[in-house]
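Here are the chains, one letter per residue:
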Amino acid sequence: MTSAGQIIVDKTIADRAAGFINEAVENGWKGNINYSFRTRREQQIEWDRAGHDRNKAAEPGTGEHEGGFAFDLAFCSQSKSEQDAVVKAAKDFGFKQNVAGEPWHFSTDPSRDQLHHAIRIAEDAVDLFGGKSQLPSCSAFVQLSN
Ligand SMILES: [Zn+2]
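What counts and how
- Residues numbered from 1 in each chain as written.
- Predicted model: local features only at pLDDT ≥ 70, side-chain atom pairs only at ≥ 80, totals over all residues.
- Core = buried A, V, L, I, M, F, W, Y, C linked by C-beta atoms within 7 Å.
- Buried ≥ 20, exposed ≤ 12 C-beta atoms within 10 Å, placed from the backbone.
- Helix = DSSP H or I, 4+ residues; strand = E, 2+ residues; numbered from the N terminus.
- Contact = placed C-beta atoms within 7 Å.
- Pairing = 2+ DSSP bridges.
- Axes fitted to C-alpha atoms, helices over the stretch in contact; angles between N-to-C directions.

**Q** Sorry if this is basic, but what is going on with the nonpolar core here?
**A** Generally speaking, soluble globular proteins have nonpolar side chains that are buried together. Core analysis: the biggest nonpolar cluster contains 26 residues, and Val 9, Ala 17, Phe 20, Ala 24, Val 86 and Ala 89 have the highest contact counts within it. Those elements that provide at least two residues to this core are strand S1 (2-8), helix H1 (14-26), strand S3 (70-73), helix H4 (80-92) and helix H5 (112-129). Look past the residues within four positions of Ala 17 in its chain and what remains in contact with it is Ile 7 and Val 9.

Spelled out as structure tokens, the structure:
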């Protein structure tokens, strides 16, 4: 039994995200989920680390991870057949590799309005629950397979 990891995503894509990861694991992907939801503070750290370069990180308040619409998977380090399994599962569940130079980044490619709305809700939730680790588990899952 292997856990692919736990992710926090926007509730509206939770089923698709679970389907995506489940199918990727069933078809042979053995990687981990490296990142999913990121708080604004975490995005600020990424942004600072990237030297405020929009080609390397999203500006805080605009990131797909902040809205819970994206996750980063172990991808480049996996075999070709595992990468193929991930790409096929992504396609089946409507996830896109929509950031150039980041093939590990999978997103539902939300509209700007959808993203901004979700980021506001996510920031409120983080404040309300007292931190990311305290977020309710309704939108998280653990994948058990193999
Ligand atoms: Zn990403």
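**Q** Just to check I follow, could you spell out the sheet that holds S3 for this structure?
**A** Strand pairing in a sheet relies on backbone hydrogen bonds, with the paired strands running either antiparallel or parallel. With antiparallel pairing, the 3 strands of this open sheet are ordered in space as S2-S3-S4. One side of each edge strand has no neighbouring strand; the edge strands of this open sheet are strand S2 (33-35) and strand S4 (105-107). Strand-to-strand twist in this sheet, taken as the mean axis angle between neighbours without regard to direction, amounts to 40°. Note that S2 and S3 share 2 bridges and pair antiparallel. When the sheet's bridge partners are listed, Ile 33 is paired in S3 with Leu 73.

**Q** I tried to follow unusual backbone geometry on my own but got confused; where do I start?
**A** Excluding glycine, a negative phi dihedral is what most residues carry, and trans is how most peptide bonds are arranged. The backbone phi angle of His 52 is positive, close to 55°, even though this residue is not glycine. We classify His 52 as exposed; it has 10 C-beta atoms within 10 Å. For Asp 109, which is not a glycine, the phi torsion comes out positive at approximately 55°. Secondary-structure assignment places Asp 109 in the loop between S4 and H5.

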